[in-house]
Structure formats: C-alpha cells, structure tokens
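So the chains spell out like this:
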Amino acid sequence: MNPWNTSDIPDQTGRLAIVTGANSGLGRVTATELARHGADVVLAVRNVVAGEDAARDISSAVPGAKLRVRRLDLASLASVRAFADGVAEELGRVDLLVNNAGLVVLGPRRTTSDGFELHLGTNLLGHFALTGRLLPLLARGEAPRVVSLSSITHKTAHLDFDDLMSERDYRAAPAYGASKLATTVFGLELDRRLRAAGSPVLSALAHPGISGTNLTPRAWADRGRAGRWIARLGLLATQPVEQGALPQLRAATAPGVRGGQFFGPGGFREMRGRVVEAPASAEAADPAVGQRLWSVAQELTGVTYL
C-alpha cells in the first residue's frame with residue numbers, strides 16, 4: 001500500500017474549515033491543501049498582515065482558493081471570544097476546526113494577557129476556549145471534526161496539577177512539553193465527552209514528528225548567537241513541513257477516521273516518515289487525568305461545555 005499523501009484527500013468542496021496559526025508552517029500547508037481540495041478556509045492568525053500575505057501566496061498556488069483571514073490571539077480569552085462571535089455571525093456553521101497553532105519559547109517565564117503561563121495558556125487553554133465557543137457551530141456542520149495538534153514531547157511530559165502554571169519551578173522545555181501533553185489529554189477527553197453526549201462532532205489528534213517549521217528558530221530567539229546556531233543545527237534533523245503536515249491532514253479529511261484516533265510519523269521514534277496511527281502516552285490516555293484537566297480548564301477559561 002502506498003503511503004498516505006495529499007492526493008488521498010477527498011473533495012472538500014462546500015466544507016468550512018478553520019485553521020489556527022495558518023500563516024506559516026504546518027498551519028499554512030494545511031490551509032493550502034484544504035483550499036486546494038475545495039474547502040472554504042478561515043486563516044485564524046494573531047498577525048493579520050502575515051495572514052494576508054499567506055492568503056495571497058496560497059491564492060497564487062491555488063487559483064480560485066476560497067480564503068478568509070481573521071484575527072485570533074489564543075493568548076487572549078477576549079480575542080478568542082471575539083473571533084468565535086464573528087464566525088458565528090458571518091458563517092453560521094463550521095465543518096472542520098484544526099487546532100494547529102502552537103508556541104514554544106525557550107526563554108524566561110511569560111504569561112498571557114489573562115495571567116496564564118504562556119505555553120499552557122496558548123497551546124491548551126486558548127484552544128479549549130475556542131473549541132467550546134465554536135462547538136454549537138460545529139454541531140451544525142456536515143460530518144464535523146476537531147483536530148488537535150500534539151507533539152512527541154508529550155510522551156515524556158507530566159502534568160503537575162499543583163503547579164500547572166509553573167510558578168514554583170519554571171523550565172521552558174518541560175513547560176512546553178506539559179502544554180502539549182495537556183493538548184493531547186484535551187483531544188482525547190473531548191472525544192469521550194462528544195461520544196457520551198451523542199454529538200455528531202468527531203475529535204481526532206495528530207503530531208508532526210520533528211518538522212522544519214519556524215517554531216525552532218523562534219524558540220531559540222532568546223538565547224542569542226548560540227541559540228541561532230542551535231536552531232540552525234536543529235533544522236538539519238527535521239523532515240519537510242509538507243511531510244509534517246500530513247498527519248493532521250489525514251486526521252482532518254480521511255474517510256473512516258474514528259473519534260480519538262491519533263496520527264503521526266511512523267519512522268524512528270515517530271520523528272519522521274509515513275503517516276501511521278500513533279500511540280498516546282499512558283498519562284495522556286488516562287480518563288481520570290482527562291476529567292481533572294477538563295474541570296481545571298473550564299474553571300480557568302470560564303468556558304463550560306459538554
């Protein structure tokens with residue numbers, strides 16, 4: 001059997017898709033391929049100028065692409081609310097939500113506008129609130145899906161519920177890993193709750209392995225010249241971003257995807273290679289952890305659903 005690739009994406013004509021962080025990297029590839037296959041795509045981006053530039057480039061590559069650029073800052077719950085309200089007024093329904101945007105900063109501890117540790121606040125809590133606010137629109141969609149983007153770093157991470165915001169012991173790399181573990185827990189718990197509610201919405205997950213996105217150079221930006229060299233060397237070990245986006249594209253579009261299914265690269269240590277079904281860590285798959293994180297996320301964001 002040939003490896004799954006973009007030629008396997010079925011016709012997406014008529015589907016309304018939202019891709020967070022769609023102006024660069026994995027999100028941009030995902031938005032491009034969805035548009036290429038006929039979807040009407042909302043590029044949900046923090047930087048609208050960069051989003052407009054990306055939309056022009058996508059339109060050049062995909063003549064006739066149906067694109068909208070809308071501002072979304074996942075590090076601000078007010079921005080999440082404004083974005084969701086705008087989508088509800090403008091579109092009325094959503095068929096696909098790809099929670100792609102991610103952030104890693106290997107510098108000092110920072111917080112969101114709501115006071116959350118930046119990694120957890122952006123990678124988990126922003127997407128948790130966004131998904132909840134868009135869920136009524138997804139329920140009106142045709143075969144609706146939510147895809148959450150994990151990372152292989154989740155496998156060695158741990159959630160310390162006594163210090164979720166890393167206030168006592170902040171180390172950037174573990175904080176990022178914990179945020180991606182939390183994202184994975186969220187995607188799996190979302191699936192359980194959607195099933196229990198009899199919702200038509202499907203929750204699936206993906207991770208890109210080690211892919212050549214702009215997250216690597218941005219992550220090391222606070223480390224000066226040494227950081228720049230480390231970032232350049234790190235990019236040598238990555239697979240192309242087009243390959244890295246395939247797991248989330250499969251989760252988003254492939255027929256027969258099951259709720260809770262998780263896709264990633266099938267090569268050495270899941271770092272690169274053809275798309276296969278990937279295992280989540282034991283902590284990520286633990287329903288007790290899922291229930292606890294869900295309760296905490298609802299309390300912190302004020303967004304309650306399922």
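Novice: Tell me about the overall build of the protein chain, residues and numbers included.
Specialist: The number of helices and strands found in the protein chain is eleven helices and eight strands. Oriented by its inertia axes, the alpha-carbon framework of the protein chain measures out at about 50 × 45 × 40 Å. Burial statistics for the protein chain: of 306 residues in total, 56% are counted as buried. Considering only contacts within the protein chain whose residues lie at least 6 apart along the sequence, 76% involve residues at least 24 apart. For the protein chain, the exposed area adds up to about 13,000 Å²; of that, 51% sits on carbon and sulfur atoms. Between the centroid of the 34 positive side chains of the protein chain and the centroid of its 29 negative side chains there is a distance of 4 Å.

Novice: Explain the pairing of strand β1 (residues 16–20) to me, and be specific about the residues and the numbers.
Specialist: The buried fraction of β1 is high, at five of five residues. Side chains Leu16, Ile18 and Thr20 of β1 all project onto a buried face; the interleaved residues Ala17 and Val19 project onto the opposite face, where all are buried too. Relative to strand β2 (residues 40–45), β1 runs parallel, the two sharing five bridges. Within β2, the residue paired with Thr20 across the bridge is Ala44. Read from β1 through helix α1 (residues 25–36) to β2, the crossover connection turns out right-handed. Pairing analysis gives three bridges linking β1 to strand β4 (residues 96–99), with the strands arranged parallel. Bridged to Ile18 within β4 is Leu97.

Novice: Any chance you could break down the sheet that holds strand β3 (residues 66–71) for me, citing the residues and the numbers?
Specialist: The mixed open sheet is built from eight strands, whose spatial order is β3-β2-β1-β4-β5-β6-β7-β8. Only two strands of the sheet have a single neighbouring strand rather than two, namely β3 and β8 (275–277). Pairs of neighbouring strands in the sheet enclose a mean axial angle of 20°, with direction left out of account. Strand direction decides the pairing type here: strand β6 (residues 202–206) and strand β7 (residues 262–265), joined by two bridges, are parallel. Paired with Leu205 across the bridge in β7 is Phe262. Those strands touched by α1 are β1, β2, β3, β4 and β5 (145–149), and its axis lies near 165° from that of β1. Its contacts with the sheet put helix α2 (residues 48–61) on β2 and β3, and the angle it makes with β3 is roughly 170°.

Novice: Break down the confidence of the model for the protein chain for me, citing the residues and quoting the values.
Specialist: Taken as a whole, the protein chain shows an average pLDDT of 92; of its residues, 91% reach a score of 70 or greater. Contacts of residues 223–236 to residues separated by more than four positions or lying in other chains number ten contacts, the stretch itself having pLDDT below 50.

Novice: Break down α2 for me, citing the residues and quoting the values.
Specialist: Note: α-helices contain 3.6 residues per turn, so residues at a spacing of three or four share the same orientation. Counted at 1.5 Å a residue, the expected span for α2 with its 14 residues is 20 Å, and the 20 Å between its end C-alpha atoms agrees. Looking at the buried positions of α2, the neighbouring elements they touch are α1, β2 and β3. Where α2 starts, the residue carrying a side-chain oxygen 3.0 Å from the main-chain nitrogen of Val49 turns out to be Asn47.

Novice: Lay out the nonpolar core with the relevant residues and their values.
Specialist: Core analysis: the largest hydrophobic core is formed by 50 residues, its most contacted members being Ile18, Phe83, Leu134 and Leu159. Mapped by element, the contributors of at least two residues to this core are β2, α3 (77–90), α4 (118–139), α5 (172–197) and α11 (287–301). Per-element accounting of this core gives the leading share, ten residues, to α4. Each residue touching Ile18, except ones within four places of it in the same chain, is listed here: Val42, Ala44, Phe83, Val87, Val94, Leu96, Leu97, Val98 and Leu134.

Novice: Which residues make up the side chain of Asp73, and what values do they have?
Specialist: Inspection of the secondary structure assignment puts Asp73 in the loop between β3 and α3. Arg71 provides the closest opposite charge to the buried, salt-bridge-free Asp73, at an N-O distance of 4.1 Å. Apart from residues no more than four positions distant in its own chain, Asp73 is found in contact with Arg46, Ser79 and Val80.

Parameters at a glance
- Each chain has its residues counted from 1, following the order in which its sequence is written.
- In keeping with the model being predicted, local features are shown solely for residues with a pLDDT of at least 70 and side-chain atom pairs are shown and tallied solely at 80 or more, while totals for entire chains, interfaces and linings include all residues.
- The side-chain figures draw on all heavy atoms in the structure; neither hydrogens nor water molecules are used.
- Counting from the N terminus, the helices are the DSSP runs of H or I reaching at least four residues and the strands are the DSSP runs of E reaching at least two.
- For the exposure calls, accessible area comes from a 1.4 Å probe over protein chains only, and a residue counts as buried if that area is under 20% of its type's maximum, exposed if over 50%, partly exposed in between.
- Should any heavy atoms of two residues lie within 4.5 Å, those residues are counted as being in contact.
- In these tables, accessible area is a Shrake-Rupley quantity obtained with a 1.4 Å probe, and a residue counts as shielded only by the protein chains included in the view.
- Charged-residue counts in this description rest on Lys and Arg as positive and Asp and Glu as negative, His and the chain ends being excluded.
- In plain terms, the charge of a residue is placed at NZ if it is Lys, CZ if Arg, CG if Asp and CD if Glu.
- One requirement defines pairing of two strands: DSSP has to find at least two bridges between them.
- Whether a crossover is right-handed comes down to one check: with the strands pointing away from the viewer, does the path from the first strand over the helix to the second run clockwise; if it does, it is right-handed.
- The axes used here are C-alpha line fits, helices contributing only the stretch in contact, and every angle between their N-to-C directions lies in the interval 0 to 180 degrees.
- pLDDT measures the predictor's confidence residue by residue and takes values from 0 up to 100.
- The span one expects for a helix is its residue count, reduced by one, times 1.5 Å.
- The term polar contact refers here to a pair of N or O atoms within 3.5 Å; inside protein, the definition further demands a hydrogen-donor-capable atom paired with an acceptor-capable atom, and it admits residues adjacent in sequence only when both atoms are side-chain atoms.
- Among buried residues, the Ala, Val, Leu, Ile, Met, Phe, Trp, Tyr and Cys ones that are joined through side-chain atoms within 4.5 Å form a nonpolar core.
- By convention in these notes, a salt bridge is any Lys or Arg side-chain nitrogen within 4 Å of a carboxyl oxygen on Asp or Glu.

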